[in-house]
Amino acid sequence: MAGILARQWWTGVRVCQVGRCRGGSVEAFTSHKCHCHIPASSSADILKAGWYPHQYRDVEGPHLSSTLVLTETLPKKAKVVVCGGGMVGTSLTYHLAKLGLGSNVVLLEQGRLGGGSSWRGSGFLGGVKLNKTEMDILRSSQRLAQALSEVGEDTGWRECGGLHLARTRDRLTLFRKMKAIAEARGTECYILTPEEVSRKCELVNTSDLIGAFWVPRDGVCDSYKLTATLLKLAVEMGAQVVEECHLHRVLVHDRHVVAVETNCGFIECDYMVNTGGMWARKMGQMSEPHVKVPVHPAEHYFLYTHPLNGVDPMIPAIRDPDGNVYIREFNGGFLCGGFEKWAKPSFEQELPEAMQEREQLEDWDHFHVLLREILHRVPIMTNAELSHLYNTTCSFSPDHRWIFGQAPELSNYFVVGGVRSGGSTAAGGIGSVLAEWIVNRASPVDTYELDILRFLPAHNNGRFLLDRVREVPGHHYTIPYPFMDFATGRCLRMSPLFPKLKAAGGVFGQVMGYERPSYFIHDKSTQVEDYEDSDSEKFAPFHMAETSTWTKPPWYDLVAEEYAACREQVAILDYSSFAKFDIWSKGCEVVEALQYLCSNDVDIPVGGIIHTGMQNSNGGYENDCSLARIAPNHYMMIAPSIQQTRCGTWLKRNLPVDGSVGMSDVTSMYTAICLMGPLARNVLTELTDVDLSTKTFPFFSFKEIDVGLANGIRAMNITHTGELGWVLYIPNEYALHVYNNLVAVGRKYQMRHAGYYAMRSLRIEKFYAFWGQDLDSTTTPLECGRGFRVKLGKGIHFIGREALEQQKAEGVKRLYVQLQLQDHNPEVDPWAWGGEPIYRNGMFVGVTTTTGYGFTLNNLVCLGFVRNYEADGKLGYVTPEYVMAGDYEVDVAGMRYSASVTLRSPSLPTKFPEPQDNRYLATQT
């Protein structure tokens, strides 16, 4: 492919490498010793001045199609059609063929295989992640390249080790967290001093380092060779590959893909997989209904140098995250790149039609920030002769994580997207997981944080994606502090209360696009104020929640006050982001359908609320929700905010196909206000005629009430935190009226605004599990202490019943526990933020899932699962006796703290016990 080999330094002088300056050194560019330069502001200026592009040899070599016998005509039918021949598509094709599909899998590529940048990557293999699924995928990719190399296949694999550099204390703390979990899971790794870094790799400038993280078994590969090998092996196993095959349309019948139409004809299929890379979103629009794949391309740079004396092929793969760059040896020279803080979106208007148009013109003005960091870290590179700077495009998801899974819109359509420039890093593992998912009809691992079901249609908005992609690449090397959030794409979904909450000092975090108060800045008063002044709402600043520390957070005191109001006074919270669904039927069909979907007995009296899971065939949680029975044939379902798409999709896939049961997502129809605390009853009593006493309006019950002048409000005596209170589901048109009245009455009771952080602390202290953090699709009710919520003894068939019956008979292999750190000083020690290893009698037994400060317990509280690893490494059964007999420690950033353990919710003291029982009975199951 043609490229304009022009270099521009940050002085604004463009230095040419055509003609006598070809092969110029980096030093020439930085010191301007080259005398063949012209001032120019763009590559277009070079062309006008008579400087023409020349053809350079592609680093990867000739197209693979010259060495393989590929399919010349499109088959008429296949079990799986993979659309997109990049690294992921090729890996998936290989793994599907390996699982026995052979000629039943067809890979379609719109261009030439290996052309453009579709197989270009850093080639880094390995890596340590705090998230287990991501780390397992990276390790799977590494093992694949290593195993192929050991049997003589050419992958370019070298076990040179991975060296992660730290310039700051917080970065080193992150590395200590990574080391703790990696070692617990069997990965050899070390924390190095700057002096040890110099001995490990003398090319590295250590003058500004305070340490490093060393993973000796990590390595690198040649991404082109690895992908070419996978394709060759796939073809040998019978897989069919068609080049220059452009997808035109995806044919759908009854929300099921039946065929795809291409320029080469039609091909029928049982499954379609969209591995279109930067075209994945556009490909999703080729079906009806559209499949929403929220990705957008951004520019990404790969810098290659010519061979340089003194460069050892076994130098470590270097990551300098504080400089946002990476460096490795490649063919005797260097391959470098990075993730700038603010990226340039590619193709803002329209994507190109041809693969070769994916390459962009070099932009040294933009790359110079990364190049400066590269030269600082490896000074010898100033003597290197530049070969190529590739300005290619990579697709990014809105939250920077990979996307894969079964599309919610179609039953047999799978997606992989947002793999960034990490195709060589992750493609092997992703291909393996997705192949097993397709063949076995179930994912072999929990993929919630990577599943496409974590997004809403709003995340697929083109303008949103364009705005967000400027920020996303910079998060690749950003320290992942607790509750990390994005600054772009904000104020997308807001409840009617948003202006009021903003004026009240709300500091917001975003969940599923919703602006949800994390906590409040109480500057003028400790009491709720009635913000009637429209100007104060209009000009109130928007505060975004941020926790840029691993230690005691800056919002600690504010959240402590909100927590106290929730427990001992009264607080008002915005629950509007909760996912809400109405489910109904004409007759009793809805009861029968929900009995089949839910593991708890939902045939409760009208006006009751039941908490239940929805299990998959293995007994794991697909949904964790509360059901309020509004009428004999009508339920309202409340689920965590993050489950909105997942919950709706599960219902659509499992409700009766005859349409006898209706379902509607009413999340955006209701504003949800929670009144929480022992004085909540006092506040609400002044605004409604309904008797709110425990006798007539007991816990876990529902009534439709009036509040102020508003009617039709669904009031539920449940707070999801174990505190006394009500959640009011208010039609949006009444929301401000109800809020203003509650605030006005609440003033006399010193009511406070409270946010998500206080609510989170309350539920962790009460030992309440939360889906997506503590529970996932592999967790069963018997493992998390919710066996009492399963109707095994009632003879009602539900999804997952057989698996749960078997588990109950055999025993469980993990149990959910609450741990309190005993010798931890919250003022100075790093906090546990989730993902910390748990040790029992000195042996690793699990990791923390969620953690928080228990303000009543006056301690840091950790939730997590305890396992029993036997001598042979297999999991043994876990009993309560096994759990309680051990001595526990939690490893927080490399320091082990002793911890007490319990399997039950603690009894917390209160100043306001219920008169009937002389205790605070707000935790009914």
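It should be emphasised that the depicted structure is a prediction, and the values quoted were computed from it without experimental measurement.

### Regarding the overall build of the chain
Okay, step 1: Along its length, the chain carries 21 helices and 43 strands.
Okay, step 2: The proportion of buried residues among the 925 residues of the chain is 63%.
Okay, step 3: Of the roughly 34700 Å² of accessible surface on the chain, 50% is carried by carbon and sulfur atoms.

### Some remarks on the nonpolar core
Okay, step 1: By size, the foremost hydrophobic cluster in this structure holds 76 residues, and its most contacted members are Leu573, Tyr575, Met716, Tyr729, Leu819 and Val883.
Okay, step 2: Excluding anything up to four places from it in sequence, Tyr729 contacts Phe578, Lys580, Met636, Ile638, Tyr670, Thr671, Ala672, Gly712, Ile713, Arg714, Met716 and His720.
Okay, step 3: Counting 49 residues, the second largest nonpolar core, distinct from the first, contains Val80, Leu125, Leu231 and Ala239.

### Regarding the environment of Met669
Okay, step 1: Looking at where Met669 falls in the secondary structure, it is placed in the loop between strand 32 (661-665) and strand 33 (670-676).
Okay, step 2: For Met669, a relative accessible area of 47% corresponds to the partly exposed category.
Okay, step 3: Along the chain, Met669 and Lys580 lie 89 residues apart, while their C-alpha atoms are 8.9 Å from each other.

### Digging into the sheet that holds strand 17 (residues 296-305)
Okay, step 1: Across the sheet, eight strands lie side by side as 10-11-9-18-19-20-17-21; this open sheet has mixed pairing. Each edge of the open sheet is held by one strand with a lone partner, namely strand 10 (190-192) and strand 21 (386-396). Each neighbouring strand pair of the sheet contributes to a mean axis angle of 20 degrees, computed without reference to strand direction.
Okay, step 2: In terms of strand pairing, strand 9 (residues 162-166) meets strand 18 (residues 317-320) through three bridges, oriented parallel.

### Looking at the packing of helix 14 (residues 556-568) against helix 19 (residues 756-765)
For any two helices packed against each other, one specifies the inter-axial angle together with the distance between the axes.
Okay, step 1: It is at 8 Å that the axes of helix 14 and helix 19 come closest, and there the two elements cross at 60 degrees. It follows from the interaxial angle that helix 14 and helix 19 lie oblique. Seen along the crossing, helix 14 lies across helix 19 with a hand that is right-handed. Along the contact surface, helix 14 presents Val559, Glu562, Tyr563, Cys566 and Arg567, while helix 19 presents Tyr757, Ala758, Ser761, Leu762 and Glu765.
Okay, step 2: Residue classes in the contact of helix 14 with helix 19 are distributed as six nonpolar, one polar and three charged.

### Describing unusual backbone geometry
Okay, step 1: Of note, the amide linkage connecting Glu288 to Pro289 takes the cis form, showing an omega dihedral of 5 degrees.
Okay, step 2: Looking at where Pro289 falls in the secondary structure, it is placed in the loop between helix 8 (280-284) and strand 17.
Okay, step 3: We note that Phe483 has phi near 60 degrees; this positive angle belongs to a residue other than glycine.
Okay, step 4: Along the chain, Phe483 falls in the loop between helix 11 (462-469) and helix 12 (498-503).

### Quick look at the sheet that holds strand 35 (residues 710-716)
Okay, step 1: With mixed pairing, six strands are arranged side by side in an open sheet as 34-35-36-33-27-37. The open sheet has two free edges, formed respectively by strand 34 (702-707) and strand 37 (752-753), since each of these has just one partner strand.
Okay, step 2: When strand 35 meets strand 36 (residues 725-731), the two strands line up antiparallel, connected through three bridges. When the sheet's bridge partners are listed, Ala715 is paired in strand 36 with Leu728.

Conventions and cut-offs
- Residues numbered from 1 in each chain as written.
- Predicted model: local features only at pLDDT ≥ 70, side-chain atom pairs only at ≥ 80, totals over all residues.
- Heavy atoms only, no water.
- Helix = DSSP H or I, 4+ residues; strand = E, 2+ residues; numbered from the N terminus.
- Buried < 20%, exposed > 50% of the residue type's maximum accessible area, 1.4 Å probe, protein only.
- Areas by Shrake-Rupley, 256 points an atom, 1.4 Å probe, with all protein chains shown as cover.
- Core = buried A, V, L, I, M, F, W, Y, C linked by side-chain atoms within 4.5 Å.
- Contact = heavy atoms within 4.5 Å.
- Pairing = 2+ DSSP bridges.
- Axes fitted to C-alpha atoms, helices over the stretch in contact; angles between N-to-C directions.
- Parallel < 35°, antiparallel > 145°, perpendicular 65-115°, else oblique.
- Left-handed = near helix turned anticlockwise from the far one by under 90°.
- Nonpolar A, V, L, I, M, F, W, Y, C, P; charged D, E, K, R; others polar.

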